[in-house]
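# A look at the structure
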Amino acid sequence: MSYNYFMASATHIELQDEEGLYPIRHVCAETGINDVTLRAWERRYGLIRPMRTPKGHRLYSLSDIARIKRIMELLEQGIPVSQVHRVLNDESAHSTARAESPEAEGTRTQATGERERRASPGPGPGIAPHTTDPIAEALYASVANLDADQLDRIYTRMVMRHGWDGVHESAFLEVYRRLREESRHSAEGEVRLAIFAAWSTAAFADQLRSATRACDEPSYPCLVLGGGHQQVGGMLLQLACARRGMKTLPLFDATSPEGLDTLIRRLRAPAMIIHGSSQLMRSPELPRVEAILNQAGPPCYLAGSAALELSQMEHGREIEVLPGPPLEAAARLSRHLPE
């Protein structure tokens, strides 16, 4: 059966059937639970972790649906929702212990050996030496063809198959780094980076609009400084924040300290974020950024390759440098900023 009320193409529907993934309205119809409660179980209690399409739509596997039904059973037994996670963890631990018993070991070892023999690569070139990540290789191949539509299709399939975090934690950044390096040595590399940057910033902007609708206030102003591909990391950081329930307000120009202060007061923002590449240190925008950092105000979180250098300037507000990878930076922010 195909559920196509939000899927954009036959490719998406085919992958959904192949992977056994279902939209939230199907899950609500099958389990009898409403979507508001289901989202609360995910965001507030961490009981369910569905996959997401690139636009942020939730997709649930058969195991997710089985877990939801088990949660409903536990609630009917009178277990508080705040204690359900502990019960599920205990059940999982007991299941793992049974699977690791001596009786199960022989069967599992034999099956694992067979899988490894089937998966073992035979002679041949294999994956190119510059990357060992097949997701990154698939994304790079689509960029190499200079075809943004193909890139969009491949990206969507990768996200649905491996999860949003699975694609962006390393593979996406690996492709981005590789393209930046190639752009320094050839005109072909410049074109590939330009296409990748244009596609990714547009795709992230679209995803960000969808994801922030589910975020609660307050909004955190986020200055993403630099043009072209320099915006990719900042957009990815904001999208990773939104997927964790943190709402940012994207700003792409270094406004005056007075203007930014007015915005912060209007938003009642408890903090702000500045993302800049190393090229910011040679940019005409740098004096304004220095003035913003030197102004008294709420804490400022610095991200991007310029973060460490910016933190060494004089500042009149609390400064914290975020980890370089955008997903790690978003995780750090989620631990420090109120949702």
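For the structure, see preceding data.
The following refers to the structure shown. A quick note: this is a predicted structure, and the numbers were derived from the prediction, not measured.

## Let's talk about the packing of helix H10 (residues 171-183) against helix H11 (residues 187-212)
Packed helices, taken two at a time, are described by the angle between their axes plus the distance between the axes. Where H10 meets H11, the axes come as close as 8 Å, and the angle between the chain directions of the two elements is 145°. Handedness of the H10/H11 crossing: left-handed. For the pair H10 and H11, the contacting residues are Phe172, Val175, Tyr176, Leu179, Arg180, Glu182 and Ser183 in the first and Gly189, Glu190, Arg192, Leu193, Phe196, Trp199, Ser200 and Phe204 in the second. Taken together, the residues of the contact of H10 with H11 break down into 8 nonpolar, 3 polar and 4 charged.

## Focus: unusual backbone geometry
A positive phi angle, close to 55°, is found at Leu146, a residue other than glycine. Tracing the backbone shows Leu146 in the loop between helix H7 (134-144) and helix H8 (148-162). Residue Leu146 is classed as partly exposed on the basis of its relative accessible area, which comes to 36%. Phi at Arg268 takes a positive value of approximately 55°, unusual for a residue other than glycine. With respect to the secondary-structure elements, Arg268 resides in the loop between helix H13 (257-267) and strand E6 (272-276).

## Thoughts on the packing of aromatic side chains
Within the structure shown, the criterion is met by 5 aromatic pairs. Geometrically, the ring pair formed by Tyr155 and Trp199 is edge-to-face, given 4.9 Å between the ring centres and 80° between the ring planes. A residue pair is termed long-range when its members are at least 10 positions apart, and Tyr155 in helix H8 and Trp199 in helix H11 qualify at 44 residues. Note on accessibility: Tyr155 and Trp199 belong to one class, buried. Relative to Phe204, the ring of Phe172 lies with its centre 5.3 Å away and its plane at 50°, an arrangement referred to as tilted. Of the two residues, Phe172 sits in helix H10 while Phe204 sits in helix H11, which places them 32 residues apart along the sequence. By the ring-pair criterion, three or more aromatic residues cluster together here, those being Tyr155, Phe172, Tyr176, Phe196, Trp199 and Phe204. The ring of Tyr140 carries Arg178 above its face, with NZ or CZ at 3.3 Å from the centroid. Above the face of the Tyr176 ring, Arg180 is positioned so that its terminal group lies 4.4 Å from the ring centre.

## Examining the pairing of E6
The side chains of a regular strand alternate between the sheet's two faces. Among the 5 residues in E6, 5 count as buried, and that is most of the element. Where strand E4 (residues 219-225) meets E6, 4 bridges bridge the pair, whose relative direction is parallel. From the neighbouring strand, Leu225 faces E6, where its bridge partner is Gly276. Taken together, the 4 bridges between E6 and strand E7 (residues 300-303) define a ladder with parallel strand orientation. For Met272, the partnering residue across the bridge sits in E7 and is Cys300. Handedness of the crossover joining E6 and E7 through helix H14 (residues 286-294) is recorded here as right-handed.

What counts and what doesn't
- Residues numbered from 1 in each chain as written.
- Predicted model: local features only at pLDDT ≥ 70, side-chain atom pairs only at ≥ 80, totals over all residues.
- Heavy atoms only, no water.
- Axes fitted to C-alpha atoms, helices over the stretch in contact; angles between N-to-C directions.
- Helix = DSSP H or I, 4+ residues; strand = E, 2+ residues; numbered from the N terminus.
- Left-handed = near helix turned anticlockwise from the far one by under 90°.
- Contact = heavy atoms within 4.5 Å.
- Nonpolar A, V, L, I, M, F, W, Y, C, P; charged D, E, K, R; others polar.
- Buried < 20%, exposed > 50% of the residue type's maximum accessible area, 1.4 Å probe, protein only.
- Phe/Tyr/Trp six-rings, centres within 6.5 Å; stacked < 30°, edge-to-face > 60°.
- Lys NZ or Arg CZ within 6 Å of the ring centre and 35° of its normal.
- Pairing = 2+ DSSP bridges.
- Right-handed = clockwise from strand over helix to strand, strands pointing away.

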